[in-house]
Amino acid sequence: SCFIGSGSKVFDQEGMRYLHTLIRPPFRKMWDDALFIWAMPEVGHQYVIGADTSEGGEGDFHAGVVIDKQGEHHVATLRTNAVTPNQFARMLDDLGRMYQHRAQQAYLGVERRASGYTVLAELEELGYNNLHTEVARVENRKPVYEAGVMVNGATKRPLVNELQEAIRTARLVTHDAVLIAELS
């Protein structure tokens with residue numbers, strides 16, 4: 001699992017048992033079974049997509065999860081190992097348009113490393129209008145921003161802590177058996 005480095009359980013086991021009770025099949029599959037949908041976009045709701053790119057290999061997948069900000073419900077998963085990083089970017093672009101709020105695509109954070117740079121470049125070329133950006137470095141005492149999420153030793157722990165709390169308090173709602181298995 002991408003969350004467990006030492007073989008120990010990272011997430012609250014009672015919270016994980018609760019998530020297991022929520023597992024159900026998606027009501028719709030699209031894009032050659034790469035997109036699994038548990039809830040369609042709702043008018044007035046805002047959505048966030050978190051994306052992790054694949055480095056290749058049979059067991060390594062490009063993945064994106066769509067979260068409805070109203071209630072922190074996980075509403076869709078994009079998961080494939082059958083496309084290039086550029087194709088994955090186009091799928092994320094389509095997904096962001098599907099879950100847009102007014103004229104703004106879903107807020108999208110793509111991990112900024114390896115093939116993530118290719119995905120981010122393609123999304124910028126496509127004109128994706130709601131990419132996560134953050135300070136990448138400081139030059140001449142001015143911040144330089146880059147699209148994407150830098151995940152490293154310093155930034156991963158707070159992300160995992162937030163997910164731990166969302167699972168422990170049952171704030172996160174997901175029906176995705178694959179995601180729950182990866183967290184277990």
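Anything mentioned here points back to the structure above.
Draft legend 1. Quick peek at the sheet that holds strand E6 (residues 107-110). Read across the sheet, six strands follow the order E1-E2-E5-E4-E3-E6 without closing on themselves; strand pairing throughout is mixed. Two strands lie at the open edges of the sheet, namely strand E1 (28-30) and E6, each paired on one side alone. Taken pair by pair, the neighbouring strands of this sheet meet at an average axis angle of 15 degrees, ignoring direction. In this structure, strand E3 (residues 47-52) lies alongside strand E4 (residues 62-68), joined through six bridges in antiparallel fashion. Of the residues in E4, the one forming a bridge with Tyr47 is Asp68. Along the sheet face, helix H3 (residues 115-126) touches E4 and E6 and points at about 150 degrees away from the line of E6.

Draft legend 2. Inspection of the nonpolar core at higher detail. Ranked by size, the top nonpolar core spans 25 residues in total, and within it Leu92, Tyr99, Leu108 and Leu123 carry the most contacts. When contributions to this core are tallied by element, the ones reaching two or more residues are strand E2 (35-37), E3, strand E5 (73-80), helix H2 (85-98), E6 and H3. Here the element with the most residues in this core is H2; it accounts for five residues. Grouped together as the second largest cluster of nonpolar side chains are 14 residues, Met16, Leu19, Ala166 and Ile167 included.

Draft legend 3. Broad picture of the pairing of E4. Along E4, the buried face is formed by His62, Gly64, Val66 and Asp68; none of Ala63, Val65 and Ile67, which line the opposite face, is buried. Here seven bridges tie E4 to E5, and the two strands are oriented antiparallel to one another. By the bridge assignment for E5, Val65 is matched with Thr77.

Draft legend 4. Structural view of H3. Taking 1.5 Å per residue, twelve residues should reach 16 Å; H3 reaches 17 Å between its end C-alpha atoms and fits that length. Residues of H3 that are buried include every one of Ser115, Gly116, Val119, Leu120, Glu122 and Leu123, and no others. Axial view of H3: buried residues confined to an arc of 165 degrees, hence all on one face. Packing partners of the buried residues in H3 comprise E4, H2, E6 and strand E8 (142-147).

Thresholds, definitions, all that
Residues numbered from 1 in each chain as written. Predicted model: local features only at pLDDT ≥ 70, side-chain atom pairs only at ≥ 80, totals over all residues. Heavy atoms only, no water. Pairing = 2+ DSSP bridges. Helix = DSSP H or I, 4+ residues; strand = E, 2+ residues; numbered from the N terminus. Axes fitted to C-alpha atoms, helices over the stretch in contact; angles between N-to-C directions. Contact = heavy atoms within 4.5 Å. Core = buried A, V, L, I, M, F, W, Y, C linked by side-chain atoms within 4.5 Å. Buried < 20%, exposed > 50% of the residue type's maximum accessible area, 1.4 Å probe, protein only. Expected span 1.5 Å × (residues − 1). Arc of directions from axis to C-beta.

The quantities given are spatial measurements derived from coordinates; they are silent on function.
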